[in-house]
Amino acid sequence: MNKALTLAVATASLIATGAVAQEKPKLAFVVNAASDFWKLAEAGVKAAQAELPGYELQFRYPAQGTAALQNALMDDLVAAGTDAIMISSVDPKTSIDAFNRVAAQVPLFTTDSDAPDSDRIAYLGSSNTDAGVQAGEIAVAAMPDGGKCMGFVGFLGADNAVERIAGFRQAVEGSGIELVDVRGDDVDFARARSNVDDVLAADPDITCMVGFYSYNPPKIYESLQANGKLGAITVIAFDEDPVTLGAVREGSFAGTVVQDPYQWGYQGMHLMADYLEGDMSGVPENGLIIVPTKKIDKDNVDTFEAELKARING
């Protein structure tokens, strides 16, 4: 074989190899906003990638935590040839048309916040109602004499927020504990902090605070510490921000309800890969794949945090 022919064969081989690489099916995990909460889901996607070498897995954040930008990101992914998408919806109720448009082109799954009225194939994530009930149980145990609680959350209209709040109210009913109101912040961290400051200044009757999104409890902690109220107000948290876990460990927070976003990323990628390969056995008839939540308190916080670090560090 002469030199020119050898070069031509090598070039053709490289082109073919590149074409094959480009033909890997693409799976995308789209979150609702930039938050440290999603690092565990990203670690789960990374672990799945090691087991799915025939796929290209992507973990994507919208430019901002709005339904419009999130839906535009999904359109961009579809246009770029993404073969299946899993998304945590910012606002399911106003995104049905956008979700159905995407679902008509590629398999669409939801996580964290469901869009059950859309054409999504399945939801993989927590039962937010059950998580809310667990938060209420923490409150009941911590406040046997009752009290007035103020809640803080990112998106007041998102299903995950609505269901957690409803679950909390269900659990505290008849206990003397009242969830007076819930303040939204649209995932604006400065506003999340100022919401707590405003409540402390305006309502001295509040004896309990509930942070329903992962970043809310750390903002509650900052405000209480700055205002000299840390330990004087009972705090019930959600998720596993390091500040939250530290506050549980030191006794400043009564406890936190944790989800398992690592499994959302890990199981979600496998679920979509199986679906693309024609295996739909992982999709239950009701379209709900529930990953259990659990309560974390001073007794189990160290063990839980060690498990988290092991997962994130791979």
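For the structure itself, look to the data block above.
What this report covers is the structure whose coordinates are included nearby. (Residues numbered from 1 in each chain as written. Predicted model: local features only at pLDDT ≥ 70, side-chain atom pairs only at ≥ 80, totals over all residues. Heavy atoms only, no water.)

Counted by the stated rule, this structure contains 14 salt bridges. A salt bridge links Lys 295 to Glu 137; its shortest N-O distance comes to 2.9 Å. Here Lys 295, found in strand E12 (residues 294–296), pairs with Glu 137, found in helix H5 (residues 128–142); they are 158 residues apart in sequence, far enough to count as distant. On the basis of relative accessible area, Glu 137 is assigned to the partly exposed category, the value being 37%. Salt bridges sharing common partners tie together Arg 193, Asp 197, Lys 219 and Glu 222. (Salt bridge = Lys/Arg side-chain N within 4 Å of Asp/Glu carboxyl O. Helix = DSSP H or I, 4+ residues; strand = E, 2+ residues; numbered from the N terminus. Buried < 20%, exposed > 50% of the residue type's maximum accessible area, 1.4 Å probe, protein only.)

Let us now look at empty space enclosed by the protein. One pass over the structure, following the stated rule, counts one cavity of 30 Å³ or more. Volume-wise, the largest cavity comes out at about 140 Å³. Forming the walls of the largest cavity are 14 residues, and the residues nearest its centre are Asn 32, Phe 37, Trp 38, Tyr 213 and Ser 214. (1 Å grid on protein atoms, 1.4 Å probe; cavity = no way out; pocket = protein on both sides within 12 Å on 5 of 7 lines; lining within 4 Å. Points joined across faces, edges and corners; volume = space filled by probe spheres on them.)

Attention shifts here to the nonpolar core. Membership of the largest hydrophobic core comes to 28 residues, with the highest contact counts inside it found for Cys 149, Phe 168, Val 210 and Phe 212. Counting only elements with at least two residues in this core, the list comes to H5, strand E6 (147–153), helix H6 (159–172), strand E7 (177–184), strand E8 (208–211) and strand E9 (234–238). Contact partners of Phe 168, with chain neighbours within four places excluded, come to Gly 132, Val 133, Ala 135, Gly 136, Ala 139, Cys 149, Leu 179, Val 210 and Phe 212. Grouped together as the second largest cluster of nonpolar side chains are 25 residues, Val 196, Met 209, Val 248 and Val 301 included. (Core = buried A, V, L, I, M, F, W, Y, C linked by side-chain atoms within 4.5 Å. Contact = heavy atoms within 4.5 Å.)

Moving on, we get to the layout of surface pockets. Considered as a void within the structure, the largest pocket measures approximately 240 Å³ in volume. Counting residues per element, the ones that place at least two in the lining of the largest pocket are helix H2 (39–51), helix H9 (242–250) and helix H11 (301–312). Residues of the lining of the largest pocket, tallied by class, amount to six nonpolar, one polar and seven charged. Taken as a whole, the second largest pocket spans an internal volume of roughly 160 Å³. In terms of lining, the second largest pocket is formed by Asp 114, Pro 116, Tyr 123, Ser 126, Ser 127, Asn 128, Thr 129, Asp 159, Glu 163, Leu 288 and Ile 290. Residue composition of the lining of the second largest pocket, by class: four nonpolar, four polar and three charged. (Nonpolar A, V, L, I, M, F, W, Y, C, P; charged D, E, K, R; others polar.)

To continue, consider the environment of Gly 147. If you trace the backbone, Gly 147 turns up in strand E6. A C-alpha to C-alpha distance of 10.0 Å links Gly 147 and Ile 233, two positions 86 residues apart in sequence.

Taking 1.5 Å per residue as the helical rise, H5 with its 15 residues ought to reach 21 Å, and the 21 Å between its terminal C-alpha atoms agrees with that figure. Taken together, the buried positions of H5 are Asn 128, Ala 131, Gly 132, Val 133, Gln 134, Ala 135, Gly 136, Ile 138 and Ala 139. If you follow the buried residues of H5, they end up packed against strand E5 (123–125), H6, E7, E9, strand E10 (255–258) and E12. (Expected span 1.5 Å × (residues − 1).)

This part is about H9. Where H9 is concerned, the buried positions are Thr 244, Leu 245, Ala 247 and Val 248. All buried residues of H9 lie within an arc of 160° about the axis, which places them on one face of the element. Here the buried face of H9 lies against helix H8 (216–226), E9, E10, E12 and H11. The N-terminus of H9 is capped by Asp 241, whose side-chain oxygen sits 2.8 Å from the backbone nitrogen of Val 243. With its phi angle positive at about 90°, Gly 251 sits one or two positions after the end of H9. (Arc of directions from axis to C-beta. Polar contact = N/O pair within 3.5 Å; in protein donor to acceptor, adjacent residues only side chain to side chain.)

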